[in-house]
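# Structural description and commentary
Each chain, letter by letter, is given below.
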Amino acid sequence: MRIVWGLSPVVMPSLLQLLLLLLGTMCQLGLAMPSEERHRLRNQVVEMFDHAYQNYMDHAYPADELMPLTCRGRVRGLEPSRGDVDDALGKFSLTLIDSLDTLALLNKTAEFEAAVRRVLKDVRLDNDVVVSVFETNIRVLGGLLGGHSMAVLLREGGRHMLWYRDELLHMAKDLGLRLLPAFNTSSGLPYPRVNLRYGVQGPESRTGTETDTCTACAGTIILEFAALSRFTGDPVFEDHARRALDFLWEKRQRNSNLVGTTINIHSGEWVRRDSGVGAGIDSYYEYLLKAYVLLGDDLFLQRFNIHYASIMKYISQPPLLLDVHIHKPLLPARTWMDSLLAFFPGLQVLKGDIRPAIETHEMLYQVTKKHNFLPEAFTTDFRVHWAQHPLRPEFAESTYFLYKATRDPYYLEAGRTVLENLNRFARVPCGFAAMKDVRTGSHEDRMDSFFLAEMFKYLYLLFADEEDLPFDVEDYIFTTEAHLLPLSLSTALRVQAPPAGNGTALPPAGEELDDSNFEWTCPNTRLLFPDPSFPRTLREPIRSAVDKSCHVAASRSSEPGIGRAPLRARDFMASNPEHLELLRRMGVSLIHLKDGRVQLVQHATQAVSPVAAEDGMRFMQEMMELSSQQQKEQLPPRAVQIVSHPFFGRVVLTAGPAQFGTDLSKSSTGVQGSVVVAEPYSGCAELGNAALVAGRIALLQRGQCMFAEKARNIQKAGAIGGIVIDDNEGSSSDTAPLFQMAGDGRSTDDVTLPLLFLFHKEGNILLEALREYREVEVLLSDKARDRAATLYKGKALPSYLQNSGDPDGQEGDCTPVEEDHTAPSPSAPVEQSQATIREEDEPTVGKEEPGAEDKSGDGEEGVEPAEDGDSNSQSIDSLLADWKEDLEAFQQMEKDEL
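Criteria and cut-off values
Residues numbered from 1 in each chain as written. Predicted model: local features only at pLDDT ≥ 70, side-chain atom pairs only at ≥ 80, totals over all residues. Heavy atoms only, no water. Core = buried A, V, L, I, M, F, W, Y, C linked by side-chain atoms within 4.5 Å. Buried < 20%, exposed > 50% of the residue type's maximum accessible area, 1.4 Å probe, protein only. Helix = DSSP H or I, 4+ residues; strand = E, 2+ residues; numbered from the N terminus. Axes fitted to C-alpha atoms, helices over the stretch in contact; angles between N-to-C directions. Parallel < 35°, antiparallel > 145°, perpendicular 65-115°, else oblique. Left-handed = near helix turned anticlockwise from the far one by under 90°. Contact = heavy atoms within 4.5 Å. Nonpolar A, V, L, I, M, F, W, Y, C, P; charged D, E, K, R; others polar. Disulfide = S-S within 2.5 Å. pLDDT = per-residue confidence, 0-100. Pairing = 2+ DSSP bridges. Salt bridge = Lys/Arg side-chain N within 4 Å of Asp/Glu carboxyl O. Polar contact = N/O pair within 3.5 Å; in protein donor to acceptor, adjacent residues only side chain to side chain. 1 Å grid on protein atoms, 1.4 Å probe; cavity = no way out; pocket = protein on both sides within 12 Å on 5 of 7 lines; lining within 4 Å. Points joined across faces, edges and corners; volume = space filled by probe spheres on them. Phe/Tyr/Trp six-rings, centres within 6.5 Å; stacked < 30°, edge-to-face > 60°. Lys NZ or Arg CZ within 6 Å of the ring centre and 35° of its normal.

### What to know about the nonpolar core
- F112, L422, F432 and F451 are the most contacted members of the largest nonpolar core, which has 171 residues in total.
- Here this core takes 11 residues from helix 6 (residues 133-157), the largest share from any one element.
- Formed by 26 residues, the second largest nonpolar core is a distinct cluster that contains V671, V677, A769 and Y773.

Okay, here's the thing in structure tokens:
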């Protein structure tokens, strides 16, 4: 394949030798691989292909594909359906057809000739089966045309295939005619599926009702259809492919010059408006540039360069390639990348844009080394998003083209990595099995035909010398399925001119195209990189970013806008000023709600850069995932029961549970102990009063660090439990939903004590009790243990009221103590909704009980406790009457519930 894809076909021969000479004089970045090692790897590629191909022929043929784990063929209808993936299977020996020109390239002439005879003898194309137009075009039609090209080449050599009379081409035309009914739409965009026997019309076709197709599905037709037209002289195929491309170009978003992922084939409306260079769009861009090379039509180059400029402006954030919205191209559409975009560095090489190709390829290489294969999708911080890997060849493709452009032996090492990982992790006795999960190394029982069509071509070309090849690959162009089409087709003039009125932006007749709009030639890579070490300087920061153990990668995590999220959701603290500043840079604002929660809102336009906006979107997605994960298991409320004198279990506070630590529902006794305020109150550092906390239950304030960190700090101090009190003034369990404390995203198995959460008003009841009495003992449990209960509205019981129940005062010391300066003062009256004394087992959730009427007469709920000796206090008789009335109401409520 020619490296000078940007050159007009007229000037290619005159500049090719000079360009290759300049490329060849580039200094090598590292030691060159010895020729013996290259030859060993070349031979290993051939052996691996033999292993895959022979197992297909022995165990699967004439089925479409091999199932390498069970050593049998995959026949559509006989195996469980895999959905759209099976649309590539048409009962036409797919893997054999897809492998034809690979056999020829690997010098397996006898096997190629035998394979062609098998195809002509055994393969039928009139099967009553619905297939993907896209897959059938690139794999089967492309395979037949590539096989025909090789057969003609061998026949013209005078030693092989002398019997061949263009039979593969006749089959290709037959298949092309069977695909044509799919193009019978008002837009010219093809239906996504077609019945090989019945087309798209009528009930027998079982298709033709679809309304949407992907951009790549409609825009990856021109190479195969144009080649078919120029091989056969029938213009109908090329005309239909051009019409589809014209329509897609017309429907591009005019401001961003980007296309969406999915389009309505009838109305032309974009169904999915996200735009990238990966799945759904990838080969549309590829075919615009390659159509220019193959057909010599400047129109395709013009369109490609306009698209490419927008890709580099909006989608390319080296080394990342991130999807955006076509109408708001500065707004990222997602926070992960799919593996199909790995072809793009190779396309950039053909374009002549080497620097971003090096950067993106290096990122992909480091991800490959991290996970052994490219995951089907991975996040912007290079973690697995979709864990599958169906042995895709796009990374090997880009590796080959970068080596051709730079002759840097670094890319030979990258190819060696691909080869070795295939042998180590994917090779099985009956072929090579796709990876079901790159993290675990588990296999899937599939070996797609593209593995033989593409992977072994690119690896063989990477390690082979020119004399190893049976023909000059510079005379051919690779399709997206790596099938070989001769560049000589560019001299086969079209029989029919393009239809008028297609909306293209060509200048009037007689005027030349404006060369300033796009480049015509590849730049000289030696002038681009005068410093031999320059490509290495491009790669090293990217390698560090992927390797999380690298210091550079760690430093990147503190600053948004360079490819990694600056702040992880699990680390976020709303009270941390540095975190708030990072959020601001990412366009994320924080709103405090009245119930104590915080709400995050992102406005991408307010971010400091597009990359920072993407980081913000990723942070928001992580936060939603973290919230969803925390809500998967809704735990019931817990109880904090004040059991010490003078409460004796009659005050029960509704508490929120933690998703870590001791599970109180599995404890028959709960955890009981005296409470003490931790120092610092936040519990976010090593406790200064550890001796006092040891053996007790620590009181902590919410904020400044993760709940799990608080638990670890008090556990280290020897606490037997902890209670976190909300720092949001006014929050209450009667107005806010149950709050569950989540972990910190890491393992919390080391936390072995119970941790409960009290809203602000409930927490103040406990703090007020601690201020008034020397010792306050509580029971942390899944439900209250004391059934002898009465209802009391107000703060903790005053001492003179306790003495009324014990005239001798022998229950204990009721003398108020001086205020504990470590306990924060309550900021609001404590209401009935936060404190209940009960006769039932289940803790209340903070709602006012029926029958507990307001007795204050002025709308104030509850009774202010009197101070000892205060003559203005309510009389004991009055209070006892209140209690008796409330108790009767409570007992009546219990009967009603029963």
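### Side note on the packing of helix 9 (residues 222-232) against helix 11 (residues 282-295)
- Packing of helix 9 against helix 11 leaves a shortest axis separation of 10 Å and a crossing angle of 20°. As far as their axial angle goes, helix 11 and helix 9 are roughly parallel. Crossing of helix 9 over helix 11 shows right-handed handedness. Contact residues: I222, L223, E224, A226 and R230 in helix 9; Y287, K290, A291, L294 and L295 in helix 11.
- Here the contact of helix 9 with helix 11 is composed, by residue class, of 7 nonpolar, no polar and 3 charged.

### A closer look at the state of the cysteines
- Per the stated rule, a full pass over the model turns up 3 disulfides.
- By sequence order of its bonded cysteines, the protein has the disulfide arrangement 1-4, 2-3, 5-6.

### Here we look at the environment of A226
- Tracing the backbone through its elements, the reader meets A226 in helix 9.
- Each C-alpha atom, one on A226 and one on H240, is 9.3 Å from the other, the two residues being 14 residues apart in sequence.
- When neighbours within four sequence positions are excluded, A226 is seen to be in contact with E238 and L295.

### Re the packing of helix 6 against helix 9
- With their axes 10 Å apart at the nearest point, helix 6 and helix 9 run at an angle of 40° to one another. Taken together, the axes of helix 6 and helix 9 are oblique relative to one another. Note on packing geometry: the crossing formed by helix 6 with helix 9 is left-handed. Residues N137, I138, L141, G142, L145, H148 and S149 of helix 6 lie in contact with helix 9, whose contacting residues are E224, F225, A227, L228 and F231.

### Observations regarding the confidence of the model for the protein
- Scored by pLDDT, the protein comes out at a mean of 80, with 74% of its residues at no less than 70.
- Across residues 549-565, where pLDDT falls below 50, the model places 41 contacts with residues more than four positions away in sequence or in other chains.
- Contacts for the low-pLDDT stretch residues 787-876, under 50 throughout, to residues beyond four places or in other chains number 182 contacts.

### Examining the pairing of strand 25 (residues 671-677)
- By the criterion of burial, strand 25 is predominantly enclosed, with 6 of the 7 residues buried.
- Sheet topology note: the strand 25/strand 29 (residues 777-781) ladder contains 4 bridges and is antiparallel. Across the sheet, residue S674 finds its bridge partner in strand 29, namely E777.
- Pairing of strand 25 with strand 26 (residues 697-701), which is carried by 3 bridges, proceeds in the parallel orientation. When the sheet's bridge partners are listed, V676 is paired in strand 26 with A698.

### Some thoughts on the sheet that holds strand 26
- Taken together, the 7 strands give an open sheet; going across it, the order is 24-23-29-25-26-27-28, and neighbouring strands pair in mixed fashion. Edge positions in the sheet fall to strand 24 (651-655) and strand 28 (755-758), since each of these pairs with one other strand and no more. Taken over all neighbouring pairs, the strand axes of this sheet differ in orientation by 35° on average, direction set aside.
- Where strand 23 (residues 638-642) and strand 29 come together, 4 bridges link them in antiparallel fashion. Looking at the pairing, Q641 lines up with L779 of strand 29.
- Those strands touched by helix 25 (residues 760-772) are strand 23, strand 24, strand 25, strand 26, strand 27 (721-725), strand 28 and strand 29, and its axis lies near 140° from that of strand 24.

### Details of the sheet that holds strand 12 (residues 336-338)
- Spatial strand order, 12-13-14: 3 strands in an open sheet with antiparallel pairing. The sheet terminates laterally at strand 12 and strand 14 (384-386), the two strands that pair on one side only. Ignoring strand direction, the axes of neighbouring strands in this sheet form an average angle of 30°.
- With 3 bridges joining them, strand 12 and strand 13 (residues 377-379) adopt antiparallel strand pairing. Each residue of the ladder has a partner; that of M337, found in strand 13, is F378.

### Overview of the pairing of strand 24
- Buried residues dominate strand 24, accounting for 5 of its 5 residues.
- Neither face of strand 24 is left uncovered, since the one carrying V651, L653 and A655 and the one carrying V652 and T654 both have all their residues buried.
- Pairing analysis gives 5 bridges linking strand 23 to strand 24, with the strands arranged antiparallel. Counted as the bridge partner of V640 is L653 from strand 24.

### As for the pattern of salt bridges
- Enumeration over the complete set of coordinates arrives at 47 salt bridges.
- Among the salt bridges present, the one from D468 reaches R42, with a minimum N-O distance of 2.8 Å. With D468 in the loop between helix 17 (449-463) and strand 19 (476-478) and R42 in helix 2 (residues 35-59), this residue pair connects regions lying 426 residues apart in the sequence. For the pair D468 and R42, a shared accessibility class is recorded, and that class is buried.
- Between R272 and D274 there is a salt bridge whose closest N-O contact spans 2.5 Å.
- Note on R272: relative accessible area 38%, which makes it partly exposed.
- The network of salt bridges with shared partners includes E65, R82, D86, E135 and R139.

### A look at the side chain of S449
- Mapped onto the elements of the fold, S449 is located in helix 17.
- Polar contacts involving the side chain of S449 include one to the side chain of R139, which spans 2.9 Å.

### Considerations on the environment of R618
- Topologically, R618 is positioned in helix 22 (residues 610-631).
- Since its relative accessible area comes to 2%, R618 is described here as buried.
- When the C-alpha atoms of R618 and R334 are compared, they prove to be 7.7 Å apart, with 284 residues separating the residues in sequence.

### A word on helix 9
- Of all 11 residues making up helix 9, 9 are buried, and the element is well covered by its neighbours.
- Turning to helix 9, its buried residues number three or more, namely I222, L223, E224, F225, A226, A227, L228, S229 and R230.
- Those residues of helix 9 hidden inside the fold are in contact with helix 6, helix 7 (167-179), helix 10 (236-250), helix 11, helix 12 (298-315) and strand 20 (484-486).
- Positioned one or two residues after helix 9, G233 has a phi angle of 80°, which is positive.

### Re empty space enclosed by the protein
- The tally for this structure, following the rule as stated, stands at 7 cavities of 30 Å³ or more.
- Residue lining of the largest cavity: 14 residues in total, with F373, L374, H389, R392 and F395 positioned closest to the centre.
- Examining the composition of the lining of the largest cavity, we find that 3 residues originate from one element, helix 15 (residues 394-406), more than from any other.
- For the lining of the largest cavity, the per-class residue count stands at 8 nonpolar, 4 polar and 2 charged.

### Observations concerning the packing of aromatic side chains
- All chains considered together, the criterion is met by 29 aromatic pairs.
- Ring geometry for F451 versus F456: centroids 4.8 Å apart, planes at 65°, classification edge-to-face.
- Of the residues examined, F451 reaches a relative accessible area of 0% and is grouped as buried.
- Since its relative accessible area comes to 0%, F456 is described here as buried.
- Within the aromatic cluster, the residues linked to one another by ring pairs are F49, Y53, F432, F451 and F456.
- When the ring centre of W163 is taken as origin, the NZ or CZ atom of R117, which lies over that ring, is 4.0 Å away.
- Above the ring of W336, the side-chain terminus of R334 is found at 3.8 Å from the ring centroid.

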